[in-house]
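Here is what each chain is made of, one letter per residue.
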Amino acid sequence: MMMNLTPKSHKIVILAEGSFGVLESKTATVLVRYLPDNVVGVIDSINAGKDVSEVIEIGVGIPILSSLSEAMELEPTLLAIGIAPPGGELPHEWRSIICDAIESGLHVMSGLHHFLSEDVELSELAEKHDTILWDARKPPDDLPVATCKAGDVDASVILTVGSDCRVGKMLSGIEITKEARTRGLNAEFCPTGQNGIMVWGWGIAIDAVVSDFTAGAAEEIVLEGAKEHDLLIVEGQGSLVHPGYSGVTLSLLHGSMPDAMIFCHQPSREIVARYTVPLPSLIEMISQYEMLTAPIKPAKVIGIALNCFDLSKTEAIDAINSVEIETGLPATDVVRFGAEKLVDAIQAFNS
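Please read all numbers here as calculations on a predicted model, not as lab measurements.

1. Things to note about the overall build of the chain
Looking only at helices and strands, the chain features 13 helices and twelve strands. Taken along its principal axes, the extent of the C-alpha atoms in the chain is 55 × 50 × 45 Å. Sorting the 351 residues of the chain into buried and exposed places 56% on the buried side. The long-range fraction of contacts in the chain, counting pairs at least 24 apart against all pairs at least 6 apart in sequence, stands at 72%. Of the roughly 14600 Å² of accessible surface on the chain, a fraction of 51% belongs to carbon and sulfur atoms.

Take a look at the structure:
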C-alpha cells in the first residue's frame, strides 16, 4: 500500500525508542520543531517521564513515553518513525511496535530506505486494518536524466550546501523561506530529503534515486517549484567532502543549477561525522562548491548559516563574527538569531 499522508491533519506519536536526541533522531527533532501542535508524544523508554524539551530544548509540553500502549492513551492517529540512520534500515526491535501500531489503527510515516509499503508483512497488515504506510523517501518511477532545464526557469534558485551532513541545510532552507514570505516574497522551499518532505508536504528524496537520475530529480523539483514561485530555496544534501554522500551533493549542484548558494556549517565540527576525514577550511570548502558549479552554471556562496546548537550564546556570537571576518560574507545562526541576514543577502543578490 503506497499512499501519501498529510501529517498536519494528524495527531502524531513519534517512535524514537532508545535513540531520542538532537543528532540521534533528526526526524523526531524536525517534526517537533515544525509540527509541534500535531505531536502528542515521543516513545523512548530511556527518557520516559521527561518533557521533550529536556532532551532537545524544544517541544515544551510534549511528553516522552515509555511505550506504544502509553502513547495510545493520547489518541494518536499516526506513528512517525523518528530516526533516519546510515543505510536507512528498520531497527529489528521496532518491527513489533510498528505491527502493534497498525493493529491499533495508526497510519505509519517513515523516512527509511527500508520501504514499509514494500514490506510484505507490514503491507498486508496495513491492508487488513485499512491504514496507510507512507514512505516519504520513495521516489517517483519516471525521473529523467538531467537536461539543464533548471537553468531556464524565471525563478531565482538558491541552494543550501554545507560542510557535512546534519549541519542545518534543511532547517536553514525552511527558515529562509519563512522569513522571505514574511517580507512578501513569493518563495517556496524545495525539499530533497525525507524530513523536509514530511514537514513541507512535497519533494523528492534525492538519496533514494538511482544515481543516473539524481540530477534529473533535482531538476524536476526546480521545474515544479518554479511554476508558481519567484524564489526557490532548494534543500541541499550531504557534502562534497563526505566519503559516503558526496554523490547526491554533486547531483544537486548540477541538477538544480542554482543562481547562488548558502553555505551551512557547524563551527565546532572539525571532522566529517562518523568518519576521520578532517574538514578543510571554510574558504577552501566554499571554493570547492563554486568551482564545481562554474562549468554548468556559475554560482557564488552569498551567505553562511551556522549551526551553533552546542555553543553558548556568547560562543555563537563569537563564531558568527569570526566567520564573517574569515569569509567576508554575512553569517548567522537561523535558530538563535533568525534568517534576516541571509534573506537580506538573497535580496541584494537579486536586485
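2. Observations regarding helix H5 (residues 120-128)
By the burial criterion, the buried members of H5 are Leu 122, Ser 123, Leu 125 and Ala 126. The buried residues of H5 occupy an angular sector of 160° when projected down its axis, which confines them to one face. Opposite the buried face of H5, by more than 90 degrees, sit the exposed residues Val 120, Glu 124, Glu 127 and Lys 128. Close packing links the buried residues of H5 with helix H4 (95-103) and strand E6 (133-135). Its side-chain oxygen at 3.2 Å from the backbone nitrogen of Glu 121, Asp 119 defines the N-terminal cap of H5. Once H5 finishes, Asp 130 follows within two positions and takes phi at roughly 55°, a positive value.

3. Some thoughts on unusual backbone geometry
One non-glycine residue, Arg 166, lies in the positive phi region at around 55°. If you trace the backbone, Arg 166 turns up in the loop between strand E7 (156-162) and helix H6 (169-182).

4. Side note on the sheet that holds strand E4 (residues 78-81)
Taken in spatial order, the six strands of this open sheet run E3-E2-E1-E4-E5-E6, and their pairing is parallel. Two strands lie at the open edges of the sheet, namely strand E3 (64-65) and E6, each paired on one side alone. Bridge count between strand E1 (residues 12-15) and strand E2 (residues 39-43): four bridges; the pairing is parallel. Along E2, the bridge assignment pairs Leu 15 with Ile 43. The strands touched by H4 within the sheet are E1, E4, strand E5 (107-110) and E6, with E4 carrying the most contacts at an inclination of about 160°.

5. A few points about the packing of H6 against helix H13 (residues 340-350)
At a closest axis distance of 9 Å, the pairing of H6 and H13 adopts a crossing angle of 70°. Regarding the angle of H6 to H13, the classification is roughly perpendicular. Viewed along their axes, H6 and H13 form a crossing whose handedness is right-handed. Contact with H6, carried on its side by Ile 176, Glu 179 and Ala 180, involves Glu 340, Leu 342, Val 343 and Ile 346 of H13 and no other residues of that element. Within the contact of H6 with H13, the residues separate by chemical class into five nonpolar, no polar and two charged.

6. Concerning the environment of Ala 316
Within the element layout of this structure, Ala 316 appears in helix H11 (residues 313-327). Sequence separation between Ala 316 and Arg 336 is 20 residues, and the spatial gap between their C-alpha atoms is 8.8 Å.

7. Notes on the sheet that holds E7
Strand order in this open sheet of six strands is E8-E9-E7-E10-E11-E12, and the pairing throughout is parallel. Only two strands of the sheet have a single partner each, and these edge strands are strand E8 (187-190) and strand E12 (331-332). The pairing of E7 with strand E10 (residues 260-265) spans five bridges and is parallel. Paired with Gly 162 across the bridge in E10 is Cys 264. The sheet contacts of H11 involve strand E11 (300-306) and E12, and relative to E11 the element is tilted by about 165°.

8. A short note on the environment of Gly 216
Here Gly 216 is to be found in helix H8 (residues 214-225). Along the backbone, Gly 216 and His 265 are 49 residues apart, and their C-alpha atoms lie at a distance of 26 Å. Contact partners of Gly 216, with chain neighbours within four places excluded, come to Pro 144, Val 145 and Ala 146.

9. Examining the pattern of salt bridges
If you walk through the whole model with that rule in mind, you get 13 salt bridges. A salt bridge links Glu 118 to Lys 138, with the shortest nitrogen-to-oxygen separation between them at 2.9 Å. Here Lys 138 lies in the loop between E6 and E7 and Glu 118 lies in the loop between E5 and H5, a separation of 20 residues in the sequence. Judged by relative accessible area, Glu 118 falls into the exposed class, the value being 52%. For Lys 138, a relative accessible area of 25% gives the class partly exposed. Connected via shared salt-bridge partners are Arg 95, Asp 119 and Glu 121.

Cut-offs applied
Residues numbered from 1 in each chain as written. Predicted model: local features only at pLDDT ≥ 70, side-chain atom pairs only at ≥ 80, totals over all residues. Heavy atoms only, no water. Helix = DSSP H or I, 4+ residues; strand = E, 2+ residues; numbered from the N terminus. Buried < 20%, exposed > 50% of the residue type's maximum accessible area, 1.4 Å probe, protein only. Contact = heavy atoms within 4.5 Å. Areas by Shrake-Rupley, 256 points an atom, 1.4 Å probe, with all protein chains shown as cover. Arc of directions from axis to C-beta. Polar contact = N/O pair within 3.5 Å; in protein donor to acceptor, adjacent residues only side chain to side chain. Pairing = 2+ DSSP bridges. Axes fitted to C-alpha atoms, helices over the stretch in contact; angles between N-to-C directions. Parallel < 35°, antiparallel > 145°, perpendicular 65-115°, else oblique. Left-handed = near helix turned anticlockwise from the far one by under 90°. Nonpolar A, V, L, I, M, F, W, Y, C, P; charged D, E, K, R; others polar. Salt bridge = Lys/Arg side-chain N within 4 Å of Asp/Glu carboxyl O.

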